[in-house]
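Inside the fold
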Amino acid sequence: MSGRRNPDRPITGRRERGDRTRERLIDETVLCIREEGFSAASARHIIERAGVSWGVIQHHFGDRDGLLIAVIDDAVDRLVASLEALSDPAQTIDTTDLVKGAWEAFANPKAMAGLEILISTKELRSGLDSRHMERLGAALATLTQRLETSHGGQNTVALGLLLWTTPVAMMIAEMFAIQPLEVSEAQQAIINLINTRP
């Protein structure tokens with residue numbers, strides 16, 4: 001992982017087109033992983049699906065690992081933004097919307113692809129810096145604090161853990177499921193736990 005060069009991104013001029021190409025490659029990588037699994041996400045397969053050359057990946061990401069890290073970065077950015085929006089004390093939110101919002105934050109295709117990459121690549125995982133986990137941890141702590149403020153009572157930390165670990169567990173289960181999993185009963189169980197706790 002050391003020795004990876006930074007991508008050569010244009011400073012001015014064609015930046016907008018370059019950003020669209022970069023986003024298209026991230027999106028195509030996510031689709032490839034979600035549709036075919038991580039093992040299918042070779043650099044060759046991704047460039048075939050995206051209709052670009054290897055040089056485009058090198059230009060924007062340096063190499064395949066750089067592309068995979070960009071998918072993780074994008075997933076974490078979106079996940080943290082969603083959790084921060086749910087945690088905003090200025091917004092009124094009921095338990096159902098809180099649970100469903102947390103579920104949507106974790107169970108979206110980019111978050112699921114990012115998790116699959118992290119599960120599948122020990123070397124890549126060890127090369128990431130701690131900022132991803134720090135940002136995610138801070139957003140989860142704020143969400144748990146929101147839960148405590150709005151609902152009070154005991155076991156707030158445990159319920160906060162259930163609020164995010166249940167959709168993550170379902171994400172992992174869905175990686176192996178042939179058909180999409182039904183999540184409404186699990187969501188309702190968490191809603192009931194939060195609403196009826198002492």
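Above: the structure in question.
Model, not experiment: these values are computed from the prediction.

**Regarding the overall build of the chain**
The helix and strand inventory of the chain stands at 10 helices and 0 strands. In sequence order, the secondary structure elements of the chain are arranged as α-α-α-α-α-α-α-α-α-α. Taking as baseline every contact in the chain between residues at least 6 positions apart, the subset at least 24 positions apart corresponds to 74%. Summed over all atoms, the accessible surface of the chain reaches about 10,900 Å², with 53% contributed by carbon and sulfur.

**Let's talk about the packing of helix H5 (residues 95–106) against helix H10 (residues 184–196)**
Interhelical geometry of H5 versus H10 gives an angle of 135 degrees and a closest axis separation of 9 Å. Taken together, the axis directions place H5 and H10 in an arrangement best described as oblique. Crossing of H5 over H10 shows right-handed handedness. Together, Thr-95, Thr-96, Val-99, Lys-100 and Trp-103 of H5 and Ala-186, Gln-187, Ile-190, Ile-191, Ile-194 and Asn-195 of H10 make up the contact between the two elements.

**Here's the deal with the nonpolar core**
Counting residues in each nonpolar core, the largest one holds 49 residues, and the members touching the most others are Leu-25, Leu-83, Ile-117 and Leu-163. Ranked by the residues each element gives to this core, the list is headed by helix H4 (residues 64–87), at 11 residues.

**Looking at the side chain of Thr-166**
Mapped onto the fold, Thr-166 is located in helix H9 (residues 156–176). Here Thr-166 falls in the buried class, since its relative accessible area comes to 18%. Those residues in contact with Thr-166 that lie beyond four places of it in its chain are Trp-103, Leu-161, Ala-186 and Ile-190.

**Describing the pattern of salt bridges**
A side chain with one charge can pair with a side chain of the opposite charge if their charged atoms come near. Here the structure, examined in full by the defined rule, presents 12 salt bridges. Between Arg-49 and Glu-28 there is a salt bridge whose closest N-O contact spans 2.6 Å. Of this pair, Arg-49 sits in helix H2 (residues 43–50) while Glu-28 sits in helix H1 (residues 15–36); the two residues are 21 residues apart in sequence, bridging distant segments of the chain. Given the relative accessible area of 24%, Arg-49 is considered partly exposed. For Arg-131, the salt bridge identified is with Asp-73, shortest N-O distance 3.5 Å. Placement of the pair is Arg-131 in helix H8 (residues 131–151) and Asp-73 in helix H4, with a sequence separation of 58 residues. Beyond isolated ion pairs, a larger network of salt bridges with shared partners links Glu-23, Asp-27, Asp-74, Arg-78 and Lys-110.

**Quick look at the packing of aromatic side chains**
The geometry of two aromatic rings is summed up by the distance between their centres and the angle between their planes. Per the stated rule, a full pass over the model turns up 1 aromatic pair. Taking 6.0 Å as the distance between ring centres and 25 degrees as the angle between the ring planes, the aromatic pair formed by Phe-106 and Trp-164 counts as stacked. Taken together, the positions of Phe-106 in helix H5 and Trp-164 in helix H9 put the pair 58 residues apart, joining distant regions of the chain.

**Brief notes about the environment of Glu-148**
With respect to the element layout, Glu-148 can be found in helix H8. Residue class for Glu-148 comes out partly exposed when judged on its relative accessible area of 46%. Measuring from C-alpha to C-alpha, the distance between Glu-148 and Gly-160 comes to 8.8 Å, with 12 residues separating the pair along the chain.

**Topic: the packing of H1 against helix H3 (residues 54–61)**
To characterise two packed helices, one gives the angle between the axes of the helices and the distance between these axes. Contact geometry of H1 with H3 gives a least axis separation of 11 Å together with a crossing angle of 105 degrees. As the angle between them shows, H1 and H3 are arranged roughly perpendicular. Counted together, Gly-18, Thr-21, Arg-22, Leu-25 and Ile-26 of H1 and Val-56, Ile-57, His-60 and Phe-61 of H3 form the full contact between these two elements. Class assignment of the residues belonging to the contact of H1 with H3 gives a composition of 5 nonpolar, 3 polar and 1 charged.

**Concerning H4**
If you check H4, its first and last C-alpha atoms are 34 Å apart, about what 24 residues at 1.5 Å a residue would give, namely 34 Å. The opening residue of H4 is Asp-63, an N-cap whose side-chain oxygen sits 3.2 Å from the backbone nitrogen of Asp-65.

Rules of the game
- Residues numbered from 1 in each chain as written.
- Predicted model: local features only at pLDDT ≥ 70, side-chain atom pairs only at ≥ 80, totals over all residues.
- Heavy atoms only, no water.
- Helix = DSSP H or I, 4+ residues; strand = E, 2+ residues; numbered from the N terminus.
- Contact = heavy atoms within 4.5 Å.
- Areas by Shrake-Rupley, 256 points an atom, 1.4 Å probe, with all protein chains shown as cover.
- Axes fitted to C-alpha atoms, helices over the stretch in contact; angles between N-to-C directions.
- Parallel < 35°, antiparallel > 145°, perpendicular 65-115°, else oblique.
- Left-handed = near helix turned anticlockwise from the far one by under 90°.
- Core = buried A, V, L, I, M, F, W, Y, C linked by side-chain atoms within 4.5 Å.
- Buried < 20%, exposed > 50% of the residue type's maximum accessible area, 1.4 Å probe, protein only.
- Salt bridge = Lys/Arg side-chain N within 4 Å of Asp/Glu carboxyl O.
- Phe/Tyr/Trp six-rings, centres within 6.5 Å; stacked < 30°, edge-to-face > 60°.
- Nonpolar A, V, L, I, M, F, W, Y, C, P; charged D, E, K, R; others polar.
- Expected span 1.5 Å × (residues − 1).
- Polar contact = N/O pair within 3.5 Å; in protein donor to acceptor, adjacent residues only side chain to side chain.

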